[in-house]
Amino acid sequence: MNPPLTQVIRRRVAVLGSTGSIGVNTLDVIRAHPDRFEVAALTAGKQVERLAEQCLEFKPRIAVVADAEGAAHLQQLLAGKVNGIAVLHGPDALVSAVLESDCDTVMAAIVGAAGLIPTLAAAKAGKRILLANKEALVMSGDLFMEAVKAGGAELLPIDSEHNAIFQCLPDRFGSGSIGSSRDHLGVEELWLTASGGPFRDKSLDELKTITPDQACAHPNWVMGRKISVDSATMMNKGLEVIEAHWLFGLPLTQIRVLIHPQSVVHSMVRYRDGSVIAQLGQPDMRTPIAYGLAWPDRIDAGVPALNLSQLAALNFSEPDFNRFPCLALAFEAAKVGGTAPTILNAANEIAVAAFLDQRIPYLRIAHVVRDTLAKVSATPASSIEIVLVADAQARRIAQECLSSP
Ligand code: NAD
Ligand code: MG
């Protein structure tokens, strides 16, 4: 028998947002590889019962929920069944889950701005960060990438497009050089693919009456409700353009979006010599999750093999910025820079939450984001404190914009 090429390190993983779509998929991959992974911490917002089940199965050192009431409920559910799990609550406890659980790997899968501070803590502490929470990077861009460098962290993108691009870049430039200039690699452009969401072919008139459930029924991917709405408006792709800009250190002019309804080509890199390298796969997040968890090894992700001969076609087309104003707003905010992407993200979170609560119609999401960007001035994002102030101010103004005509 041949000896293994590399010694397998058993990774201790903190899963932030373990009860969500990415969190559950992460635990699926971990469950299948007990020789490679153990769970150091699990965190959730409000889904205490699901978290309790996960705690009983994975026995983390630390479990975190949003508030004291949830923590008391979790204690009750665990009492007499499992020992040695510290149950904590609140935003500071998310940082404890990263710093005090003895983890070496952090799956950043909290949705929205709530994930920023614990993910930043993981960067400063030099962990392997599996980044699903794109909003954190959109908000803090430069500062986050600096923290990764200063802390000696290993940053691996989980968002399927960025994971694909990472796989399409030369492997001699591993995650240690993520964020550095790609000039010397001959990279000309990054092509981010987008399915176009469930309303790609609907008329503007039909979009007026879209319900939250319709917006969350994505044709190819099963995801949390916020990112599903972002995919329908294509704000998700806008956030991903900003994410790619920071992760791979390329200017916006070298990042393109292509509509690709089948979601089989997850993204591509075009090189100076005419080559285009693509990563293909099933639309199943366990592939990028397994890739990040085991990198640089490849492990079974539980994903069925792709059968290209069963696919009728792979189509690509340019996005229509008039039909998808959120995509245009994201490009504009990215060009302005500074705190503009933070303002964009905060306004979008407020507008999407209001749409999901049926307080505003679908088409108003873009209006709320546009009006908030017009009312809140962007400043240089020179510290996290400045970013958090811009986030809070944009949320306040976006709330006002919800009710303005
Ligand atoms: P989700 O809504 O299914 O899960 C979110 C998780 O975060 C849950 O565990 C929830 O309890 C927790 N959470 C929410 N608010 C919180 C708060 N204020 N404090 C603490 N915890 C909180 O979302 P998801 O689809 O799993 O997405 C998670 C992140 O991954 C998002 O940033 C999303 O953009 C990104 N992402 C998701 C997918 C996907 O396929 N689902 C793909 C690419 C990127
Ligand atoms: Mg994506």
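All values derive from a computational prediction rather than experimental measurement.

## Some thoughts on the coordination of the magnesium ion (ligand 2)
Part 1 of the reasoning: Donor atoms from the polypeptide that coordinate the magnesium ion (ligand 2) comprise D159 (OD), E161 (OE) and E240 (OE), at 2.1 to 2.2 Å from the metal.
Part 2 of the reasoning: Binding-site remark: the magnesium ion (ligand 2) is held by donors from one chain whose sequence spacing is D-x1-E-x78-E. The same class applies to D159 as to E161, namely buried.

## Here we look at the packing of helix α10 (residues 225-233) against helix α14 (residues 340-356)
A packed helix pair is summarised by two numbers, namely the angle formed by the two axes and the spacing between the axes.
Part 1 of the reasoning: Relative orientation of the contacting elements α10 and α14 amounts to 105°, with a least axis distance of 10 Å. The angle between α10 and α14 falls in the class roughly perpendicular. Each of R225, K226, V229 and D230 in α10 lies in contact with α14, whose residues at this interface are N345, N348, E349, V352, F355 and L356.
Part 2 of the reasoning: Partitioning the contact of α10 with α14 into residue classes produces four nonpolar, two polar and four charged.

## Examining the pattern of salt bridges
Part 1 of the reasoning: A full pass over the atoms with the stated rule returns 27 salt bridges.
Part 2 of the reasoning: A salt bridge links D102 to R61; its shortest N-O distance comes to 3.8 Å. One end of the pair, D102, is in the loop between α4 (91-99) and β5 (105-108); the other, R61, is in the loop between α2 (48-58) and β3 (62-65), and 41 residues separate them in sequence.
Part 3 of the reasoning: We note a salt bridge from R370 to D371, for which the minimum N-O separation is 3.1 Å.
Part 4 of the reasoning: In this structure, a network of salt bridges that share partners links the residues K134, D159, E161, K237 and E240.

## Here's the deal with the environment of S203
Part 1 of the reasoning: Within the element layout of this structure, S203 appears in the loop between β8 (187-194) and α8 (204-207).
Part 2 of the reasoning: Counting along the chain gives 120 residues from S203 to R323, while the straight-line C-alpha distance between them is 8.8 Å.

## With respect to the state of the cysteines
One way to say it: the disulfide is the covalent bond shared by the sulfur atoms of two cysteines.
Part 1 of the reasoning: Within the structure shown, the criterion is met by zero disulfides.
Part 2 of the reasoning: In this model C216 remains outside any disulfide bridge; the closest cysteine sulfur is found in C326, 15 Å from its own.
Part 3 of the reasoning: Given the relative accessible area of 16%, C216 is considered buried.

## Comments concerning helix α13 (residues 325-336)
Three or four residues apart is the spacing at which side chains of an α-helix point the same way, because the helix has 3.6 residues per turn.
Part 1 of the reasoning: Here α13 is 12 residues long and its end C-alpha atoms lie 17 Å apart, about the 16 Å a rise of 1.5 Å per residue gives.
Part 2 of the reasoning: All of the buried residues along α13 are C326, L327, L329, A330, F331, A333 and A334.
Part 3 of the reasoning: Buried residues along α13 sit against α10, α11 (235-248), β9 (255-259), α14 and α15 (364-375).
Part 4 of the reasoning: One or two residues past the end of α13 sits G337, with phi positive at roughly 75°.

## Some thoughts on the site of ligand 1
Part 1 of the reasoning: Around ligand 1 there are 22 residues in total, and T19, S21, G45, E135 and G224 lie nearest to it.
Part 2 of the reasoning: Interatomic distance of 3.1 Å between a backbone N/O atom of G20 and an oxygen atom of ligand 1.
Part 3 of the reasoning: Here an oxygen atom of ligand 1 sits 3.4 Å away from a polar atom, N or O, in the main chain of A132.
Part 4 of the reasoning: Contact with the protein chains covers 84% of the free accessible surface of ligand 1, which is 830 Å².
Part 5 of the reasoning: Contributions of two or more residues to the shell around ligand 1 are made by α1 (21-31) and α6 (134-151).
Part 6 of the reasoning: When grouped by side-chain class, the residues that make up the shell around ligand 1 number 10 nonpolar, nine polar and three charged.

## Describing the sheet that holds β8
Part 1 of the reasoning: Strands sit in the order β9-β8-β10-β11 across an open sheet of four strands; the sheet is mixed. Single-partner strands in this sheet number two, and they are β9 and β11 (276-280). The average undirected angle you get between the axes of adjacent strands in this sheet is 20°.
Part 2 of the reasoning: Here β8 runs beside strand β10 (residues 265-271); their pairing, made up of five bridges, is antiparallel. The partner of V187 across the bridge, within β10, is Y271.
Part 3 of the reasoning: Where helix α7 (residues 160-168) meets the sheet, its contacts fall on β8, β10 and β11, and the angle it forms with β10 comes to roughly 40°.

Reading the values: rules and limits
- Residues numbered from 1 in each chain as written.
- Chains lettered and ligands numbered in written order.
- Predicted model: local features only at pLDDT ≥ 70, side-chain atom pairs only at ≥ 80, totals over all residues.
- Heavy atoms only, no water.
- Donors = N, O, S within 2.8 Å, 3.2 Å for Na, K, Ca; no water.
- Buried < 20%, exposed > 50% of the residue type's maximum accessible area, 1.4 Å probe, protein only.
- Axes fitted to C-alpha atoms, helices over the stretch in contact; angles between N-to-C directions.
- Helix = DSSP H or I, 4+ residues; strand = E, 2+ residues; numbered from the N terminus.
- Parallel < 35°, antiparallel > 145°, perpendicular 65-115°, else oblique.
- Contact = heavy atoms within 4.5 Å.
- Nonpolar A, V, L, I, M, F, W, Y, C, P; charged D, E, K, R; others polar.
- Salt bridge = Lys/Arg side-chain N within 4 Å of Asp/Glu carboxyl O.
- Disulfide = S-S within 2.5 Å.
- Expected span 1.5 Å × (residues − 1).
- Near = heavy atom within 4 Å.
- Polar contact = N/O pair within 3.5 Å; in protein donor to acceptor, adjacent residues only side chain to side chain.
- Areas by Shrake-Rupley, 256 points an atom, 1.4 Å probe, with all protein chains shown as cover.
- Pairing = 2+ DSSP bridges.

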